[in-house]
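Results of the structural survey
So you can see what is in the structure, the chains are spelled out below.
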Amino acid sequence: LKWLSANEVLERSDSIQNGFAGTIDENKIKSSPRKGTKVIDIALVGNPNSGKTTIFNFASGSNERVGNYSGVTIDSKQAKIKLDGYTINIIDLPGTYSLTAYTPEELHVRKYILGFHPDVVVNVIDASNLERNLYLTTQLIDMDVKVVVALNMYDEFAKKNDKFDHAALAGMMGIPIIPTVGAKGKGITDLLRKVIDVYEEREPIVRHIHINYGINVEMAISAIQDLIEQNKGLDSSTSARFYAIKLLEKDKGAHSALSRVPNYHRIKIITEEKIKELEKIYNEDSETLLTDSKYGFIAGALKETYEPNKLKRKLKTDTEIIDTFITHKIFGFPIFILFLWVMFQATFKIGEVPQNWIESLVTITGDLTTFLLRMVLWLICSLVVSLTEWVVLLYFFPIL
Amino acid sequence: MTLFDLQQGEQGIITEVRGKGAFRKRITEMGFVKGKLVTVIKESTAARSRRIQYHGIRNLIAQNGSPPG
């Protein structure tokens, strides 16, 4: 005989009741797949060298490699953070300028967002390069994913004394913008709290906006979008508008993603028709047309919210002044050779120090040990010396 | 007139982006779009390259089209 306690009975009946609690609203699934589970998957995306890994490291307390040049992160890293009772799974993706499928990184980031559906995408933006960084943001807007923008390197940006109303821009794009300083860890907790707010749909700023591509392009988009939407259920996870835009951009990834839907043949024909129409009207490649409109949107949004500081702008930055000397047509070469000479000198001078220690060690132990032992010692010594030389070399090379 | 007809320190406004496929897409995505002001801040005849500036971004353009390193 098997007994069930009163509590167990209650639990079981509960679970049965929940199991038959009616159907699930499809729209609800789309907006927040796992709302209430308190586990949030977030992905860091952004241009190369915008500071994604720095933010990742600070948020997760890990120590991934960062560098002041592009392309340091070549595969994605994951970490778990606990904040305010939530478990946040954070993934650091490689840097991309765009989400077209031309380079492996772009393809990787795009596949991740479309394939794994992170609950919230954190778009890291280099505040001193707004226009170009926002291009990726416009692509995320097209994808209809939930985005929080981290306005990174905000301290350097603030030094320039430009007028920038980021709250107004956030309102305009329907995306919360949080200023952060990744290197000092400023604003990162605010950023994560905002992510939680967006996930829980408590953030009033968040709304889906569409970038207006102009009447002709919009008509083409909606024609293709209607065709895609006819395949109900097949394509519920990704926005039909996103695919329509990508098809107009002659994107191969979108074609292969849609190749399995029943009316793909018709979609293809209509797309080609619309592209021809548009290229005839504008006398411009359809890809360029959409890119132009995106930059137009960015320029318009920045015109209303951003005003560069004209008065106090330095004519030349520090690096530019250094550049005029070391990249000079004539002076450049002697300076380069000088640097090389200094490097070699440093290699041998610094290498001399352990060499002297070792030599004295050999003379001290020389009387006591046999010839064989001295040979072994000598081998280790020369290894240490050459190692120090290499360390010095490798240390100086990146500076050059 | 192309970017390579500009001398060091000269400015120009983009009226047309030539090229095809991935290169064209990449370069427009980087912000080389019609109507943008471009400044040549450094020219190098040896490498056939131009270090240029457009809306605050500095870039190096080499004539064979491939972005350097």
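None of the values given here were measured: they were computed from a predicted structure.

With 21 residues of chain A in contact, the opposing surface of chain B contributes 19 residues. Between chain A and chain B the total buried area reaches about 1,800 Å² when both faces are included, carbon and sulfur atoms providing 47% of it. At the boundary of chain A and chain B, one finds zero salt bridges. At the surface where chain A touches chain B, the tally comes to three residue pairs in polar contact (both at pLDDT 80 or more). Mapped by element, the contributors of at least two residues to the side of chain A that touches chain B are helix 5 (130-142) and helix 13 (286-305) of chain A. Tallying contributions element by element places helix 13 of chain A first for the side of chain A that touches chain B, with five residues.

With that settled, the discussion passes to the pattern of salt bridges. Where charged atoms from two side chains of opposite charge come close, those side chains can pair. Residue and element names in this part refer to chain A. By the definition in use, this model includes 12 salt bridges over all chains. Between Glu-249 and Lys-294 there is a salt bridge, with its nearest N and O atoms 3.4 Å apart. Of the two residues, Glu-249 is situated in the loop between helix 10 (240-248) and helix 11 (252-258) and Lys-294 in helix 13; the sequence distance between them amounts to 45 residues. In this structure Glu-249 comes out as buried when scored by relative accessible area, which is 3%. Overall, the relative accessible area of 1% leaves Lys-294 in the buried class. A network of salt bridges, in which partner residues are shared, links Asp-142, Lys-246, Glu-249 and Lys-294.

With that out of the way, let us pick up the nonpolar core. Residues and elements named next belong to chain A. Judged by nonpolar contacts, the single largest core of 61 residues is most densely connected at Leu-140, Met-173, Val-217, Ile-224, Ile-228 and Leu-248. Not counting the four nearest positions on each side in its chain, Leu-140 is found in contact with Val-45, Leu-99, Ile-113, Val-121, Asn-123, Val-145 and Val-147. Counting 25 residues, the second-largest nonpolar core is a separate cluster that includes Ile-40, Ala-79, Ala-150 and Ile-196.

Basis of the calculations
- Numbering of residues starts from 1 in each chain and follows the order in which that chain's sequence is written.
- To read the labels, note that chains go from A and ligands from 1, taken in the order they are written.
- For this predicted model, a pLDDT threshold of at least 70 governs which residues receive local features, and a threshold of 80 or more governs which side-chain atom pairs are given and counted, while totals over whole chains, interfaces and linings are taken from all residues.
- To get the side-chain values, take all heavy atoms of the structure and skip hydrogens and water.
- In this description, contact between two residues means that some pair of their heavy atoms is separated by no more than 4.5 Å.
- Take the accessible area each of two parts loses on contact, using a 1.4 Å probe, and add the two losses: that sum is the buried area.
- Counted as salt bridges are all cases of a side-chain nitrogen of Lys or Arg within 4 Å of a carboxyl oxygen of Asp or Glu.
- Two N or O atoms count as a polar contact when they lie within 3.5 Å, although within protein this holds only if one can serve as hydrogen donor and the other as acceptor, and sequence-adjacent residues are included solely when both atoms are side-chain atoms.
- Every helix listed is a DSSP run of H or I at least four residues long, and every strand listed is a run of E at least two residues long, numbered separately from the N terminus.
- For every residue, the accessible area (1.4 Å probe, protein chains only) is compared with the maximum for its type, and the residue is labelled buried under 20%, exposed over 50%, or partly exposed between those bounds.
- Among buried residues, the Ala, Val, Leu, Ile, Met, Phe, Trp, Tyr and Cys ones that are joined through side-chain atoms within 4.5 Å form a nonpolar core.

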